[in-house]
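Secondary and tertiary structure notes
Residues per chain, in single letters:
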Amino acid sequence: MATLPAGYPEDAFEAFALLKTRDELTVDDLKVLALIELYGECFYQRLAAGVEHAEARALLERNGAEERGHAHRVVKAIRLKSGEAYSLPEGADNPFMKLAPSAVPASAELFGLLEQGEVDGDFAYQAWADHESNAEVADLYRLNGREETRHGERVTEVRRLLGAL
Ligand SMILES: [Fe+2]
Ligand SMILES: [Fe+2]
């Protein structure tokens, strides 16, 4: 089991709220961020698994796959900032999975939270990029951020496809 660096909440959403209060992210912050992104992948996969509409499910799965891509960019940022080769944990070895819901039922309320959360995620990445001293790392943050906004747009499309929700 991978462990969280000391001093971070065990809940992925709380940990993200803490990271949002940071200006320039430290290497420990980045390790936590990579684990949050992997949690995001799993969250979207579990949400997608309960959606029957094929196109809507595919959009949610695509968001999930991109969250994993974000984790890989964060690993690259860790290497650029510290020279450390950080490796991502597999599945349940992610410490944030302990508090993950086993199923994520679709609802209008959840879609609203995701839309807002993705926009907030983009803001956070752009703010971290603004404070980042390594230009290459800042570029990686900006790429992740732009995709978070796209995730929110996909959730809006899912909401439209599912109609009644
Ligand atoms: Fe992400
Ligand atoms: Fe996202």
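Residues numbered from 1 in each chain as written. Chains lettered and ligands numbered in written order. Predicted model: local features only at pLDDT ≥ 70, side-chain atom pairs only at ≥ 80, totals over all residues.

1. Comments concerning the overall build of the chain
Basically, it comes down to this: Secondary structure follows DSSP: runs of H or I at least 4 residues long count as helices, runs of E at least 2 residues long count as strands, and numbering of each begins at the N terminus. Counting other C-beta atoms within 10 Å of a residue's own tells you its class, since 20 or more makes it buried, 12 or fewer makes it exposed, and anything in between is partly exposed; those C-beta atoms are placed from the backbone.
Summing up its helical and strand segments, the chain has five helices and zero strands in all. Counting helices and strands in the order they occur from the N terminus, the chain gives α-α-α-α-α. With the C-alpha coordinates of the chain rotated into their principal frame, the extents come out at 50 × 30 × 25 Å. Taking all 165 residues of the chain together, 36% fall into the buried category.

2. Remarks on the environment of Val137
Put simply, the rule is: We call two residues in contact if the C-beta atoms placed from their backbones are at most 7 Å apart.
Residue position: Val137 is located in helix H5 (residues 135-161). Here the alpha-carbon distance between Val137 and Gly83, two residues 54 residues apart in the chain, equals 13 Å. Once residues within four sequence positions are removed from consideration, Val137 is found in contact with Ala77, Leu80, Lys81 and Glu132.

3. As for the environment of Ala124
Mapped onto the fold, Ala124 is located in helix H4 (residues 108-131). In sequence terms Ala124 and Pro95 are 29 residues apart; their C-alpha atoms lie 22 Å from each other.

4. Let's talk about helix H3 (residues 54-82)
Quick note on the threshold: Multiplying 1.5 Å by the residue count of a helix minus one yields the expected span of that helix.
A rise of 1.5 Å per residue sets the reference length of H3, with its 29 residues, at 42 Å; its end C-alpha atoms lie 42 Å apart and thus fit the reference within 8%. Count one or two residues on from H3 and you reach Gly83, which has phi positive near 80°.

5. What to know about helix H2 (residues 27-49)
Between its terminal C-alpha atoms H2 stretches 33 Å, which fits the 33 Å expected from 23 residues at 1.5 Å a residue. Burial within H2 is extensive, with 17 of its 23 residues counted as buried.

6. Digging into the nonpolar core
For clarity, the threshold we go by: Among buried residues, those of type Ala, Val, Leu, Ile, Met, Phe, Trp, Tyr and Cys that are joined through C-beta atoms within 7 Å form a set called a nonpolar core.
Counting 40 residues, the largest nonpolar core has Ala34, Ile36, Tyr39, Leu47, Leu60 and Val74 as the members making the most contacts within it. Residue assignment for this core shows that the elements contributing at least two residues are helix H1 (12-20), H2, H3, H4 and H5. Broken down by element, this core gets its largest block of residues, 13 residues, from H2. Here Ile36 is in contact with Ala12, Ala15, Phe16 and Phe96, once residues within four sequence places are set aside.

7. Structural notes on the packing of H3 against H5
Put simply, the test is: Between the N-to-C directions of two axes lies an angle of 0 to 180 degrees, each axis being a line fitted to C-alpha atoms and, for a helix, fitted only over the stretch in contact. Angle categories: roughly parallel below 35 degrees, roughly antiparallel above 145, roughly perpendicular from 65 to 115, and oblique for all the rest. Residues are grouped as follows: Ala, Val, Leu, Ile, Met, Phe, Trp, Tyr, Cys and Pro are nonpolar; Asp, Glu, Lys and Arg are charged; every other residue, Gly included, is polar.
Close contact between H3 and H5 brings their axes to 10 Å; oriented N to C, the two are set at 170°. When the axis of H3 is compared with that of H5, the two are roughly antiparallel. A class-by-class count of the residues in the contact of H3 with H5 yields 10 nonpolar, four polar and 10 charged.

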